[in-house]
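# An overview of the molecular structure
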Amino acid sequence: MAKMRLFLSVVASLCVFIVLLPFSLAGESTIIEAGVLIDDAFIYAVIAENIASGLGATFDGIHPTNGYQPLWMLLIVIAKTVAPSLEIISIQIWLSVVLYSAGYGLLVWWFVEKFSFPKLLGLGFLLSFSVLNPSFFRPIFLGLETPLLFSLIPIWLIYARQLVARKDNASHIFALAITSCGIFLTRTDMFWVVPVTALVVLYLHRASFRTACFFLPCLSIVLAYLLYNLHYFGSLIPVSGRVKKFYMNLQYPTWESYWASDQWLGLFSMTDKVWNMSFYVTLLFLIITFTPLLSRKYRAFFPKEFLIFSVIIMLHLLYLQFIHREVRPYTSYYFLPEIIFILVSVSFLFQRFAGIFFERMGIIKVVNLRYSGAILATTAIAWAFLQPRYELKPSVNWRDRLALARTASALLQPSDLVGAFWPGLIAYTMPQTVVPLDGIAASPQYFESVVKTGTELERAAELGINHLIVEIPDNFSILQPIDSVPRWSQIYLSRLSNSENFHFEEVHTEGNWKLLRMNRK
């Protein structure tokens, strides 16, 4: 049955490729105007372009930055170096399609370990609520690191299975170490995977050569990354997370104000986008899926390596919700590991209970597994072809943002510096140097000396910046002082409105996006 297992894995990958094909075939302008990619993806594109060009890790050529997930950035830079004629955005799109397709095939390969009719039922459930669900990939297809994480998690599960089954050797342990570090370097908030896996390896192998094969590469890779950050940037962690958390704490200084906001709704926003699940339904599913950690009876429903994965997910979820806390709906993609966990957990449960039902009905004994697998594969491919395609309709906000960047490029001199808040697409589009005044793609030193002191405009003036590009909502005027803004991501509006040293003149407008001339009062 190994051939059938491989066949189903290839079919699953093919289904994902078919579903995501519209993104691959769309032109760059269509992708941008449809808002397929979020602004962070363009920040990656600009930094990657600078690294590939030999300018180093910088967004604007002025401030060095570590405000990115390192492994995804490395992958983009390598691809750009190998194929310099390709646009960075096209590279991000194609990497996403290939990695999601490969990752899904690997997930199916891991899931279908022992071929049986109940396993086919579980696989059918898994396919139905993921690749054959039109809403599944859209919230996580953003041009960011999610596809790389999606492909690494199944690889970790495959090697972890060999570990807990005691079928591993030194090379397997080494591969598990590299995969664990890869997950950490893809999403640094998934650092839990390294210590949890290390404890399992230590428990199973004690002080041995195999244990050393895990600990030595992990320590080398993790310490190298942390020391690199500390040496070149003066900070152990990426500056982007520090900036976002600072702004959030500024906007919501107490737990009461935090819980009254939407800053903690990222997971629930994700399950709503993917499966249209309400807040309480999501809570119910979390309780169901974490039950095996507490119940020996239900623990038998799941592979041992998946139980270890559930511990990692629980720690990751608690860390994001109660320590990191900057998990507003915009950042719902942080919870991709939780989405994979819920999907696979429920698929295992369905496999178990559906198997019991069909066994009692006497159906399992008369089922031909090869024919059933072929029917499932044919149905999946047909459904992937026939389901509604992702519609890449222009978004007014993204179209206006792109139009303003293009107009500003023509109005300003090539040597002009431009300041921007949420600067990703602006910098990607304009030939002029765009300085990220919000600090998300700047240096830790900029964060400490400028962002924390609220002197973004003063720093812009020091650099000789005379023009800003900002989004100003319809119901807002920067001519009048304000006490607060609706969201921390709009704190720049208070910086503009409450400035005692500068006034602003509107040069050009596209919807809510404005090119402003900044003058001293």
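Our subject is the structure listed above.
All values reported here derive from a predicted model rather than from experimental measurement.

### Observations concerning the side chain of S96
Mapped onto the secondary structure, S96 falls in helix α5 (residues 88-111). Within the structure, the side chain of S96 is placed 2.7 Å from the backbone oxygen of Q92, a separation counted as a polar contact. In contact with S96, other than residues within four places in its own chain, are W72, F141, G143 and P147.

### Observations concerning helix α19 (residues 396-411)
Every α-helix winds through 3.6 residues per turn, so residues three or four apart in the chain are directed the same way. With 16 residues, α19 extends 22 Å between its outermost C-alpha atoms, agreeing within 8% with the 22 Å of an ideal straight helix rising 1.5 Å per residue. Within α19, the full set of buried residues consists of W398, D400, R401, L402, L404, A405, A408 and S409. Looking at the buried positions of α19, the neighbouring elements they touch are α2 (28-33), α3 (39-52), α20 (424-429), β3 (467-471), β4 (502-510) and β5 (513-520).

### Quick look at unusual backbone geometry
Backbone geometry at N276 places phi at a positive 60°, although glycine is not the residue there. Along the chain, the position of N276 falls in the loop between α13 (266-275) and α14 (279-290). Residue classification places N276 among the exposed residues on the basis of a relative accessible area of 64%. With a phi angle near 60°, W422 is a residue other than glycine that sits in the positive phi range. Checked against the element boundaries, W422 lands in the loop between β1 (417-420) and α20.

### Section: the packing of helix α1 (residues 2-25) against α5
Between α1 and α5, whose axes approach to 8 Å, the crossing angle comes to 155°. Classed by the angle they form, the pair α1 and α5 counts as roughly antiparallel. Crossing handedness for the pair α1 and α5: right-handed. Facing α1, whose interface residues are A2, R5, L6, L8, S9, A12, S13, V16, F17, L20, F23 and S24, α5 presents I93, W94, V97, Y100, S101, A102, Y104, G105, V108, W109 and W110. Grouping the amino acids of the contact of α1 with α5 by side-chain chemistry returns 17 nonpolar, five polar and one charged.

### Re the packing of helix α6 (residues 117-128) against helix α17 (residues 336-360)
One can describe the packing of α6 onto α17 by two numbers: an axis separation of 8 Å at closest approach and a directional angle of 140°. Here α17 runs oblique to α6, going by the angle between their axes. Note that α6 runs across α17; the crossing there is right-handed. Facing α6, whose interface residues are F117, P118, K119, L121, G122, F125 and L126, α17 presents L343, V344, V346, S347, F348, F350, Q351, A354, G355 and F358. A breakdown of the residues in the contact of α6 with α17 according to their chemical character gives twelve nonpolar, four polar and one charged.

### Observations concerning the side chain of R401
Considering the arrangement of structural elements, one finds R401 in helix α19. For R401, a relative accessible area of 8% corresponds to the buried category. The residues touching R401, leaving out its near neighbours within four places in the chain, are D39, W422, L425, I426 and W513.

### Topic: the nonpolar core
With 187 residues, the main nonpolar core has L20, Y104, F137 and W156 as its most contacted residues. Ranked by the residues each element gives to this core, the list is headed by α5, at 13 residues. Sequence-distant contacts of W156, defined by excluding residues within four places in its chain, comprise L176, T179, S180, I183, V193, T197, E305, I308, F309 and I312.

### A word on the pattern of salt bridges
Scanning the model with the defined rule gives 15 salt bridges in all. The salt bridge involving R401 is made with D39; its shortest N-O contact spans 3.0 Å. Taken together, the positions of R401 in helix α19 and D39 in helix α3 put the pair 362 residues apart, joining distant regions of the chain. Taking relative accessible area as the criterion, D39 reaches 3% and is therefore assigned buried. As a salt-bridge pair, R161 and E305 come within 2.8 Å of each other at their nearest N and O atoms. Pair noted here: R161 is in helix α7 (residues 146-164) and E305 is in helix α16 (residues 304-324), with a separation of 144 residues, a long-range link. Both residues of the pair, R161 and E305, belong to the buried class. One salt-bridge network, held together by shared partners, links E113, R161 and E305.

### What about the packing of aromatic side chains?
For the coordinates displayed, the defined rule picks out 49 aromatic pairs. Here F23 and F141 contribute two aromatic rings whose centre-to-centre distance is 4.2 Å and whose plane-to-plane angle is 15°, an arrangement assigned as stacked. Taken as a pair, F23 in helix α1 and F141 in the loop between α6 and α7 lie far apart in primary sequence, 118 residues in all. Each member of the pair, F23 as well as F141, is classed as buried. With a centroid separation of 5.1 Å and 20° between ring planes, the pair formed by F421 and Y492 is classed as stacked. Of this pair, F421 sits in the loop between β1 and α20 while Y492 sits in helix α23 (residues 491-497), and the two are 71 residues apart along the sequence.

The rules we used
- Residues numbered from 1 in each chain as written.
- Predicted model: local features only at pLDDT ≥ 70, side-chain atom pairs only at ≥ 80, totals over all residues.
- Heavy atoms only, no water.
- Helix = DSSP H or I, 4+ residues; strand = E, 2+ residues; numbered from the N terminus.
- Polar contact = N/O pair within 3.5 Å; in protein donor to acceptor, adjacent residues only side chain to side chain.
- Contact = heavy atoms within 4.5 Å.
- Expected span 1.5 Å × (residues − 1).
- Buried < 20%, exposed > 50% of the residue type's maximum accessible area, 1.4 Å probe, protein only.
- Axes fitted to C-alpha atoms, helices over the stretch in contact; angles between N-to-C directions.
- Parallel < 35°, antiparallel > 145°, perpendicular 65-115°, else oblique.
- Left-handed = near helix turned anticlockwise from the far one by under 90°.
- Nonpolar A, V, L, I, M, F, W, Y, C, P; charged D, E, K, R; others polar.
- Core = buried A, V, L, I, M, F, W, Y, C linked by side-chain atoms within 4.5 Å.
- Salt bridge = Lys/Arg side-chain N within 4 Å of Asp/Glu carboxyl O.
- Phe/Tyr/Trp six-rings, centres within 6.5 Å; stacked < 30°, edge-to-face > 60°.

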